[in-house]
Amino acid sequence: MTAPGRAHYELSHLDALEAESVHIFREVAATFERPVLLFSGGKDSVVMFHIARRAFWPAPIPFPLMHVDTGHNFDEVITYRDRVVAETGVRLIVSSVQDDIDAGRVVEQTGPGTSRNRLQTTALLRGITENRVDAVFGGARRDEEKARAKERVFSFRDEFGTWDPRAQRPELWHLYNGRHHAGEHIRVFPLSNWTELDIWGYIAAQQIELPPIYYAHERAVVPRDGMLLADTRFLERKPGEESHVERVRFRTVGDATCTGCVRSDAVTVAEVIEEISVTRLTERGATRADDRISEAGMEDRKREGYF
């Protein structure tokens, strides 16, 4: 029973998730000297940026954005990224895979079925080192993939950027340990406890704009390994592969050579929510070819320094 004169107050599910994420952003801002927020223009990074702005409003966010750029992006996403940066005035750091290829730090594999996705690790670690970053906000969620389900909210990385899943720190009562030495850093995941459905519910509630490829549209696609890959200038076809037009949308956004789309007629947020409410596959499991390299593919890459 509510006490006389005291209003009954209870957070909704999405409000509670937002409050947790706001707390994480403020905790990092108070603890670390040079954080950055990874921003690709994908839905999770867009929601993460939206929450960060709410966490520090009316002041601007006290850290820049960083895009680890493979050079094989969807044009609509880069257009969206640049417009957000121009409209908000936030500083954008771009760490480019092409720069690493040109400098000989990495070797690009070529041919059908290859992508630059794994090369992002070198670009990410270089961007962290060059900008003396001590905390990196990422939009990974535990429901996406089993290796990401093992992550803590504050995930320690050593001086080589590597991750040891057996040596993670406890996070009882939402108490986070950001202790690290010079050269080490912490990956921070404010959306860890969110699901894909939560993300879209929040997008609906906050009326957040996304790149148009998240909604159904006509696009030339190439079927491969049970997925539909966009027929972009970056995709090298295998013998016998042919392109055709389908009505599709993207559930996640990454390197255009390994990110698939799904058949869909969902053109509004409400229709997208209805669609994903009945699916049994996560967005990465359904549309990311780079996650199919092995049973432990994501965990192996994370150990090397990947997102």
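### Quick notes on the overall build of the chain
- Scanning the chain from terminus to terminus reveals ten helices and ten strands.
- Counting the 307 residues in the chain, one finds 54% classified as buried.
- In the chain, once contacts between residues fewer than 6 apart in sequence are set aside, the share between residues at least 24 apart is 72%.
- Accessible area of the chain: about 14800 Å², with a carbon and sulfur share of 52%.

### Looking at the sheet that holds strand E5 (residues 154-157)
- With respect to topology, six strands assemble into an open sheet ordered E3-E2-E1-E4-E6-E5, the strand pairing being mixed. Strands at the two margins of the open sheet, each flanked by one partner only, are strand E3 (92-96) and E5. Each strand axis lies, on average, 30° off the axis of its neighbour in the sheet, ignoring direction.
- One ladder, built from four bridges, connects E5 with strand E6 (residues 185-188); its direction is antiparallel. Opposite Phe156, over in E6, you have Ile186 as the bridge partner.

### Focus on the environment of Asp143
- Looking at the element boundaries, Asp143 is found in the loop between strand E4 (135-137) and helix H6 (146-149).
- A relative accessible area of 27% places Asp143 in the partly exposed class.
- In this structure the C-alpha to C-alpha distance between Asp143 and Thr195, which are 52 residues apart in sequence, comes to 5.9 Å.
- Polar side-chain contacts of Asp143 include one of 2.9 Å to the side chain of Arg141.
- Of the polar contacts made by the side chain of Asp143, one reaches the backbone nitrogen of Glu196; its length is 3.1 Å.

### Focus on the packing of helix H1 (residues 13-31) against helix H7 (residues 196-206)
- Viewed as axis vectors pointing N to C, H1 and H7 meet at an angle of 95°, and their least axial separation amounts to 10 Å. Taken together, the axis directions place H1 and H7 in an arrangement best described as roughly perpendicular. Across the interface between the two elements, His13, Leu14, Leu17 and Glu18 from H1 touch Asp198, Gly201, Tyr202 and Gln206 from H7.

### As for the pairing of strand E8 (residues 227-230)
- What you see with E8 is no split at all: Met227 and Leu229 on one side and Leu228 and Ala230 on the other are buried throughout.
- Strand direction decides the pairing type here: strand E7 (residues 217-224) and E8, joined by four bridges, are antiparallel. Along E8, the bridge assignment pairs Pro223 with Leu228.
- Where E7 folds back on E8, the antiparallel hairpin that results is connected by two residues, among which Asp225 adopts a positive phi of roughly 55°.
- Of the strand pairs in this sheet, E8 and strand E10 (residues 260-263) are connected by two bridges, and their pairing is antiparallel.

### Considering the packing of H1 against helix H2 (residues 43-56)
- Running from N to C, H1 and H2 cross one another at 70°; their axes reach a closest spacing of 9 Å. As the angle between them shows, H1 and H2 are arranged roughly perpendicular. Of the two possible hands of crossing, H1 and H2 adopt the one that is right-handed. Counted together, Glu18, Ser21, Val22, Phe25, Arg26 and Ala29 of H1 and Met48, Ile51, Ala52, Arg54, Ala55 and Phe56 of H2 form the full contact between these two elements.
- Classifying every residue of the contact of H1 with H2 gives eight nonpolar, one polar and three charged.

### Re helix H5 (residues 120-130)
- With eight of its eleven residues buried, H5 lies for the most part within the structure.
- Three or more residues of H5 are buried, namely Gln120, Thr121, Ala123, Leu124, Leu125, Arg126, Gly127 and Ile128.
- Of the residues trailing H5, Arg132 is marked for its positive phi of about 50°.

### What to know about the packing of aromatic side chains
- In total, this model carries eleven aromatic pairs according to the counting rule given.
- Aromatic pair Phe56 and Phe63: ring centres 5.9 Å apart, planes at 85°, arrangement edge-to-face. Comparing Phe56 with Phe63 shows no difference in burial state: the two are buried.
- Between Phe154 and Tyr176, the aromatic rings sit 4.9 Å apart at their centres with planes inclined by 15°, giving stacked as the arrangement. Separated by 22 residues along the polypeptide, Phe154 in strand E5 and Tyr176 in the loop between E5 and E6 bring together distant segments of the chain.
- Here Tyr176 falls in the buried class, since its relative accessible area comes to 12%.
- Here the aromatic residues Phe25, Phe56, Phe63 and Phe137 are joined through ring pairs into a cluster of three or more.

### Some details on H7
- Along H7, the residues that are buried comprise Glu196, Asp198, Ile199, Trp200, Gly201, Tyr202 and Ile203.
- Following H7 by one or two positions, Gln207 has its phi on the positive side, about 55°.

Parameters at a glance
Residues numbered from 1 in each chain as written. Predicted model: local features only at pLDDT ≥ 70, side-chain atom pairs only at ≥ 80, totals over all residues. Heavy atoms only, no water. Helix = DSSP H or I, 4+ residues; strand = E, 2+ residues; numbered from the N terminus. Buried < 20%, exposed > 50% of the residue type's maximum accessible area, 1.4 Å probe, protein only. Contact = heavy atoms within 4.5 Å. Areas by Shrake-Rupley, 256 points an atom, 1.4 Å probe, with all protein chains shown as cover. Pairing = 2+ DSSP bridges. Axes fitted to C-alpha atoms, helices over the stretch in contact; angles between N-to-C directions. Polar contact = N/O pair within 3.5 Å; in protein donor to acceptor, adjacent residues only side chain to side chain. Parallel < 35°, antiparallel > 145°, perpendicular 65-115°, else oblique. Left-handed = near helix turned anticlockwise from the far one by under 90°. Nonpolar A, V, L, I, M, F, W, Y, C, P; charged D, E, K, R; others polar. Phe/Tyr/Trp six-rings, centres within 6.5 Å; stacked < 30°, edge-to-face > 60°.

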